[in-house]
Protein chains: 2
Amino acid sequence: MTQQIASRELAANLEMIRLIDQKRSGYKHSGEEIYWMINHLDKIPDYQLSAWLMAVCLNGLSEDETVHLTKAMAYSGHVLTLKRHAGHNHSDACDHDHHAQSCSESKYTFVDKHSTGGVGDKVTIALTPILAALGFRVSKFSGRSLGHTGGTIDKLEAIPGFQTDISMKQFEKQIADIGIALASQSMEFAPADKRLYALRDKTATVESIPLIASSVMSKKIAGGADQILLDVKVGSGAFMKDLNYAKKLAKQMVKIGKSLNLNTRAVISNMDQPLGNTVGNGLEVIEAMELLEGKYPEDLYEIVLELASSIADVIAVKDVIHSGKAYVKFAEWIEAQGGDIRKIREANEPKFKLECRSNRDAYIKKLDALSVGQAVHELAYKASSNGYDIDNTAGVSFRAKVADQIKPSDILFIVQGSNEAELEIARDKILAAYEFSESKVKKPKLVYKII
Amino acid sequence: MTQQIASRELAANLEMIRLIDQKRSGYKHSGEEIYWMINHLDKIPDYQLSAWLMAVCLNGLSEDETVHLTKAMAYSGHVLTLKRHAGHNHSDACDHDHHAQSCSESKYTFVDKHSTGGVGDKVTIALTPILAALGFRVSKFSGRSLGHTGGTIDKLEAIPGFQTDISMKQFEKQIADIGIALASQSMEFAPADKRLYALRDKTATVESIPLIASSVMSKKIAGGADQILLDVKVGSGAFMKDLNYAKKLAKQMVKIGKSLNLNTRAVISNMDQPLGNTVGNGLEVIEAMELLEGKYPEDLYEIVLELASSIADVIAVKDVIHSGKAYVKFAEWIEAQGGDIRKIREANEPKFKLECRSNRDAYIKKLDALSVGQAVHELAYKASSNGYDIDNTAGVSFRAKVADQIKPSDILFIVQGSNEAELEIARDKILAAYEFSESKVKKPKLVYKII
């Protein structure tokens, strides 16, 4: 290390001590201070960042500070500027005036959708082609399975041939051509958030509304969206267990969106039991596709409708679903990314299935989403030398969910997968996730609030 | 790294996340949890420790937690057990019963003294031989100059031949033989505190009463004292600027002492102006020695008397000073550690002196200790490849301090040192530390409180 670099690092460390002290003492950072920090992240050691993160957890960030942090993180790496390319086939050759004119001519709205994570949450796969069929440009970056919750990328990879690791060029071309593209979350977006997020996980500084909100929103902004749909999950199977906390978080994210001139809507929904009738990568892709074919469980349909109609007319939303237009868009999308839609069912046929039947007359009082998520995750994900081996056929199909009445020998659910011996373990765990009641049970509320 | 070690580190990291979360959420750690943390410090990364330290800064530690932390840090390394050796010349050969008996025969009290740091603070050098002359066993570990404050080790090294890096064997023998020994703070004591302290300095987590109190007390306990005298400084030249904060800290330290059955007294004193008439290593050693010769400034005498008489009869204290017994003890001590008392004055004769005279009729309203400390530090300490080169002859002698009346051409102070050019800079800075008043100024209170 040359002396010059060493002295620059020392200066950064001293400035960071001042900023930690400022936050520790309950003062606000200026926008300049936050930009300085994020721009000098490579010179700030982990131990200083984690002290700052804890000070933020305990003393908070103001709305201004949160907006600055979000913006600074969003611009810490590559930021997609989708508008520029839409409508004139990625030509950068036009001069500025011409560009401004053709932009105003192409009146597309670029939508991104984000879920805070749940069990059986295949909403993205059904919703995004609906939005594209409605005329939105859907630009979506998704993640893999995290803990007991599923990941859209993992689910889509259950489609034979489907590619999620596509180039930016293809991504942008696909949006221009068919109005929809979905790729795995790239290292390019908001690298500052990646650094902070990894550290928060190891220092018990995850639970902070401004930190969660800025982390989510920075990635959406870097992804180039101008319309953001947030699906905020609350309950046993979600990361958030408390409705008030979820409301605060949703409000915070919507405020950040507004401050940055992005339309942002948040739907807060119940994640006490799994969403839809299936949990498992292959099963969930099929269930999402079937919704577009007009065959769906009520709860999944309700949440898809709620999210879509928060930015479009509900009649139009129902029309693109029931006319088959959304299904056609789904097929186009899957084909564009190399997937073979005709092989989805065949490829996800499991080697083994195991039914679990009722032994009583009762009503279902509870079906714990967390236990189901964990049981399916254990069945499907096996640690290997380079991460995980995933059994996409592993999963569960429910025949009875909360408020349903069951009789003796009725099927409660069917577990499936490639490993016969483990199916019994999964069955026992999922059965233990049920609670029964002698008396009638009211259907739980699904959508709590729209912000 | 073998897999076993890796998995043990992972387990430690997960447990530490739980403890950070516990403190972040405002809960108390049990004694076992605190001991676990300090005992596993080598497996806990800096970024987790700094998040915990910040959570402690903001959510505090209870008295119980502070006592556990102090004890855990004290026992994280070598702990001196001075009692065992006292009275029977460091023989470890005796069996336990015999040892217990001879211990109860040797009724020595082992005193350690600590100052939170100030400008012109030569109290340790004058006080420790007084205590030894009174019959206490003085076992003192000191540090070097920190920031603008002086360090006792640096001051004593202005005595030709004086060794501070003495062996434990010599340290213990000297205490048994002449009742006093002083060594530089060894790496052996409370290594856990050293790790935390270094991190606190870089993460703006220094200012926390339980962390400061446990840091100070853990080192005193490891040093084997059973009587602790704390000199808590407040004001411009101290690390603490606020009297209430200093009172809380002093109370916390006294409580820790009591919880561990150690007699602990704290004197809270004013550090708005330098203590005594001199600042600078050589000058301060001479001033401390002169106090024992019966020639002293009132403020230095007052604080020495206050500290000594908090654990001994004030008549006895005055007697050992004025009879010359303390001076004899001082001479014994300096000689035992290789110093030549006759050469102190000669060795610290400066190459250059520069007077600063008054140009007005006035009273001294203020003499800012911080500015004086910084000016002398800049004059005396020059960064070099292996730390600092120190000019022990550099310093300042005051002829006029707060409340003194001055006439035109009266000497205010004299700066001295080896570098003539820099004396003018130091003179200007020290002159700027003065504030004058037309009207009479009351002598400031020196001792605020004894706890």
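Note that the structure is a prediction, hence the values are computed from the model and not measured.

A. The arrangement of the overall build of chain A in detail. When you go through chain A residue by residue, the secondary structure sums to 19 helices and 15 strands. Relative to the globule expectation of 22 Å for 451 residues, the C-alpha radius of gyration of chain A, 23 Å, shows essentially globular dimensions. Projecting the C-alpha coordinates of chain A onto the three principal axes gives extents of approximately 75 × 50 × 45 Å. The buried share among the 451 residues of chain A stands at 57%. Here the contacts in chain A between residues at least 6 apart in sequence split such that 79% fall between residues at least 24 apart. Total accessible area computed for chain A in this model is approximately 19200 Å², and 49% of it derives from carbon and sulfur atoms. Looking at charge distribution, chain A has the averaged site of its 56 positive side-chain charges lying 4 Å from that of its 58 negative ones.

B. Focus on the packing of aromatic side chains. Tallying each qualifying case throughout the model produces 21 aromatic pairs over all chains. Summarising the aromatic geometry, the rings of Y381(B) and Y388(B) are spaced 5.7 Å apart at their centres and angled 85° between planes, so their arrangement reads as edge-to-face. Between F398(B) and Y434(B), the ring centres sit 6.4 Å apart and the planes meet at 65°, which makes this aromatic pair edge-to-face. Remark: Y434(B) occurs in strand 14 (residues 434-437) and F398(B) occurs in strand 11 (residues 395-398); sequence separation between them is 36 residues. Summarising the burial analysis for this pair, F398(B) and Y434(B) share the class buried. Among the aromatic residues, those joined into a cluster by ring pairs are F162(A), Y327(A), F330(A) and W333(A). Sitting over the face of the ring of Y197(A), K219(A) holds its NZ or CZ atom 5.9 Å from the ring centroid. Its end group placed over the ring of Y108(B), R137(B) keeps NZ or CZ at 3.6 Å from the ring centre.

C. Region of the structure containing the packing of helix 2 (residues 31-39) of chain A against helix 4 (residues 63-74) of chain A. Residue and element names in this part refer to chain A. Closest axis-to-axis distance for the helix 2/helix 4 pair is 9 Å, and the angle between their directions is 30°. Of the two possible hands of crossing, helix 2 and helix 4 adopt the one that is right-handed. Contact with helix 2, carried on its side by G31, I34, Y35 and I38, involves E65, H68, L69, K71, A72 and M73 of helix 4 and no other residues of that element. Each residue belonging to the contact of helix 2 with helix 4 can be placed in one class, and the counts come to six nonpolar, two polar and two charged.

D. Here's a closer look at the relation of the copies chain A and chain B. Mapping chain A onto chain B calls for a rotation angle of 179° and an axial translation of 0.1 Å; the resulting RMSD is 0.1 Å. Given the turn and translation reported, the copies of this chain are related as if by a two-fold rotation axis. Of the C-alpha atoms belonging to chain A, the one lying closest to the rotation axis is found on Y47(A), 1.9 Å away.

Reading guide: rules and limits
Residues numbered from 1 in each chain as written. Chains lettered and ligands numbered in written order. Predicted model: local features only at pLDDT ≥ 70, side-chain atom pairs only at ≥ 80, totals over all residues. Heavy atoms only, no water. Helix = DSSP H or I, 4+ residues; strand = E, 2+ residues; numbered from the N terminus. Rg over C-alpha atoms; globule rule 2.2 N^0.38 Å. Buried < 20%, exposed > 50% of the residue type's maximum accessible area, 1.4 Å probe, protein only. Contact = heavy atoms within 4.5 Å. Areas by Shrake-Rupley, 256 points an atom, 1.4 Å probe, with all protein chains shown as cover. Lys, Arg positive; Asp, Glu negative; His and termini not counted. Charge placed at Lys NZ, Arg CZ, Asp CG, Glu CD. Phe/Tyr/Trp six-rings, centres within 6.5 Å; stacked < 30°, edge-to-face > 60°. Lys NZ or Arg CZ within 6 Å of the ring centre and 35° of its normal. Axes fitted to C-alpha atoms, helices over the stretch in contact; angles between N-to-C directions. Left-handed = near helix turned anticlockwise from the far one by under 90°. Nonpolar A, V, L, I, M, F, W, Y, C, P; charged D, E, K, R; others polar. Least-squares fit on C-alpha atoms with pLDDT ≥ 70 in both.

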